[in-house]
Amino acid sequence: MTHPHVPRSPHRSRPGRPGLSFAVVNATAFAVHLLLVCSAADFMAAPVLGETGIGVPALLLQVVLLVWTAARYDRRADDSRTGRRYTAHEHGEF
């Protein structure tokens, strides 16, 4: 018995792991922030607005990144629960 040729699908055979990109992006941002705080304390304490140092806006930027990636992760998790397949150009990859 022969099997008909089935062309390979351009989509992944198993769903991707969106949690991995979430963890990598946020862990990298945290590691860079921690490295700067530990090794370049003078730089992080440099005043930006009045007595506010660079560390405060950097921390706020890290929080924005965390919320943005969490929203993307949550949207992908919802899509995988409903069985919807998404493509890289629909959501973009980071």
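Cut-offs and rules
Residues numbered from 1 in each chain as written. Predicted model: local features only at pLDDT ≥ 70, side-chain atom pairs only at ≥ 80, totals over all residues. Heavy atoms only, no water. Helix = DSSP H or I, 4+ residues; strand = E, 2+ residues; numbered from the N terminus. Buried < 20%, exposed > 50% of the residue type's maximum accessible area, 1.4 Å probe, protein only. Contact = heavy atoms within 4.5 Å. Areas by Shrake-Rupley, 256 points an atom, 1.4 Å probe, with all protein chains shown as cover. Patch = residues over 30% accessible without salt bridge, like charges linked within 9 Å, V, L, I, M, F, W, Y side chains within 5 Å. Salt bridge = Lys/Arg side-chain N within 4 Å of Asp/Glu carboxyl O. Polar contact = N/O pair within 3.5 Å; in protein donor to acceptor, adjacent residues only side chain to side chain. pLDDT = per-residue confidence, 0-100.

On to the overall build of the protein, then. When helices and strands are tallied, the protein shows 4 helices and 2 strands. Along the protein, from the amino end to the carboxyl end, the secondary structure elements read α-α-β-β-α-α. Burial status across the protein gives 14% buried among its 94 residues. In the protein, 48% of the contacts between residues at least 6 apart in sequence involve partners at least 24 apart. Put simply, the protein shows about 7700 Å² of open surface, and 66% of that area lies on carbon and sulfur atoms.

There is a patch of nonpolar side chains on the surface, built from Val32, Leu36 and Phe43 and spanning about 250 Å² of accessible area. With respect to the secondary-structure elements, Leu36 resides in helix 1 (residues 18-39). Residue Leu36 is classed as partly exposed on the basis of its relative accessible area, which comes to 31%.

This part covers the side chain of Thr69. Structurally, the position occupied by Thr69 is in helix 3 (residues 55-82). Separated by 3.1 Å, the side chain of Thr69 and the backbone oxygen of Leu66 make a polar contact.

Turning to the side chain of His33, a few remarks are in order. Considering the arrangement of structural elements, one finds His33 in helix 1. Once residues within four sequence positions are removed from consideration, His33 is found in contact with Met44, Gly55, Ala58, Leu59 and Gln62.

Parts of the model with low pLDDT should not have their predicted coordinates read in detail. Scored by pLDDT, the protein has a mean of 78; 61% of the residues are at 70 or more. The weakest mean pLDDT in the protein belongs to helix 4 (residues 88-91) at 56; the strongest belongs to strand 2 (residues 52-53) at 90.

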